[in-house]
Amino acid sequence: MFIRRLSYSILLAATCAMPVLAMGGGGGGGSAPSESAPQYDAAVEYRKGIAALQAKDFKAAKTAFDHVISVAPKDANSQYMAGVSRVGLNDWKGAKRYFEKAMKLDPSLLRAERDLAVAYAKTGDKPKAEAALAALQAKASSCGAVCPQAGDLKAAIEAIGAAMAGGPQAAKDNGSNLIFATPALGDDRYLSAVSLINEGKFETAITTLKAAQASFGPHPDILTYLGFANRKLGHFGVAEAHYRAALAVSPAHRGATEYFGELMVERGDMSGAKTMLARLDTQCPFGCAEAEELRRWIAAGHSPNS
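Residues numbered from 1 in each chain as written. Predicted model: local features only at pLDDT ≥ 70, side-chain atom pairs only at ≥ 80, totals over all residues. Heavy atoms only, no water.

1. Quick word on the overall build of the chain
Filter applied, for reference: Here a helix means four or more residues in a row that DSSP labels H or I, a strand means two or more in a row labelled E, and each is numbered from the N terminus. Using a 1.4 Å probe on the protein chains alone, a residue whose accessible area is under 20% of its type maximum counts as buried, one over 50% counts as exposed, and one in between counts as partly exposed. In this analysis, two residues are considered to be in contact whenever any of their non-hydrogen atoms come within 4.5 Å of each other. Calculation of accessible area relied on Shrake-Rupley with a 1.4 Å probe; when residues are assessed, cover is drawn exclusively from the protein chains displayed.
Within the chain one finds 18 helices and 2 strands. Across the 306 residues of the chain, 47% fall into the buried class. The long-range share in the chain, meaning contacts at least 24 apart out of those at least 6 apart in sequence, stands at 60%. Surface summary for the chain: the accessible area is close to 14,600 Å², and the carbon and sulfur share equals 57%.

And the structure:
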């Protein structure tokens, strides 16, 4: 199995600064103003937020991450970064709300779990801070000294302890491991993940793609490959969520459209798959690889290679 390179460029999204327009009603005049109003490029706004945090311009960071969330409200990493920007503004109550949203969306997001506990301590909610600390201590005990998260768990426990004791470093250290997630590092992780997918190492690819999100946020290429890898593992519900998220931030993303259509074929939803194919035929009237591949899937009624 070898997957094609997606058409949407990671580097383009990291450097482009122009907003994109939401898809309208196709023939014009069919969409309400709220639906056709300008939308933000989530990946571009995410990088703006990271740059603002590096410059300690927390107000600009807050604005940028709020823009990301307006397009991708279910992206846990962006919700977390919106909280980090509010920490910089000393708005711990506001930060707590975003950390809670991030944890609800992704309970495995350790940095959000850590900073939520710090926020509880900073806002005087000692019982919740103690409960969060105990949960992380239990994870550290179960993890042991040599597991991959051992160092991060130890640092998280120390940060929460410092916050509960009123330590001055608690706020300064918040989010520091994400602020310096550079585009180059994100590109490296992304390309590594694509190689892992081509090798059939889907679990490791998912972990690597999530690491790439620290640099790029809800980028449609990353979301599409998260959908692809989860689909290959049989996690169809998770895959669908990722495909929908990719299309929410980039409605004309051909890779996400094709792979979502393939998922529909695998689920027996031929009507839905044909709808995805119609979208591709509209997007590329002179033909494109994505449309032809999905057409083959629909004709076969299953994976053409199975």
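Now that the structure has been shown, we can carry on.
2. Some words on the state of the cysteines
Quick note on the threshold: Throughout, a disulfide means two cysteine sulfur atoms within 2.5 Å of one another.
Scanning the model with the defined rule gives 2 disulfides in all. Here Cys-143 pairs with Cys-147 through a disulfide, and the sulfurs are 1.3 Å apart. One disulfide in the model links Cys-284 with Cys-288; its S-S distance is 2.1 Å. Sequence-ordered numbering of the disulfide-bonded cysteines in the chain gives the connectivity 1-2, 3-4.

3. Remarks on helix α9 (residues 150–164)
In plain terms, the rule: One fewer than the residue count of a helix, multiplied by 1.5 Å, yields its expected span.
The first and last C-alpha atoms of α9 sit 21 Å apart over 15 residues, in line with the 21 Å expected at 1.5 Å per residue. Taken together, the buried positions of α9 are occupied by Ala-150, Leu-153, Ala-156, Ile-157, Ala-159, Ile-160 and Ala-163. Once α9 ends, the next one or two residues include Gly-166, with phi positive near 80°.

4. What to know about helix α6 (residues 92–105)
With 14 residues, α6 extends 20 Å between its outermost C-alpha atoms, agreeing within 8% with the 20 Å of an ideal straight helix rising 1.5 Å per residue. Listed as buried for α6 are Trp-92, Gly-94, Ala-95, Lys-96, Tyr-98, Phe-99, Ala-102 and Met-103.

5. With respect to the environment of Thr-275
Take Thr-275: it is sitting in helix α17 (residues 270–283). You can call Thr-275 partly exposed: its relative accessible area is 37%. As for Thr-275 and Thr-257, which are separated by 18 residues in sequence, their C-alpha atoms are 9.7 Å apart.

6. Considerations on the nonpolar core
Defined as follows: Nonpolar cores are built from buried Ala, Val, Leu, Ile, Met, Phe, Trp, Tyr and Cys residues. Side-chain atoms within 4.5 Å join them into one set.
In this structure, Phe-65, Tyr-80, Met-81, Phe-99, Ile-197, Leu-209 and Tyr-225 are the most contacted members of the largest nonpolar core, which totals 79 residues. No other element matches helix α7 (residues 110–122), which puts 8 residues into this core. Look past the residues within four positions of Phe-65 in its chain and what remains in contact with it is Tyr-46, Gly-49, Ile-50, Leu-53, Met-81, Ala-82 and Ser-85.

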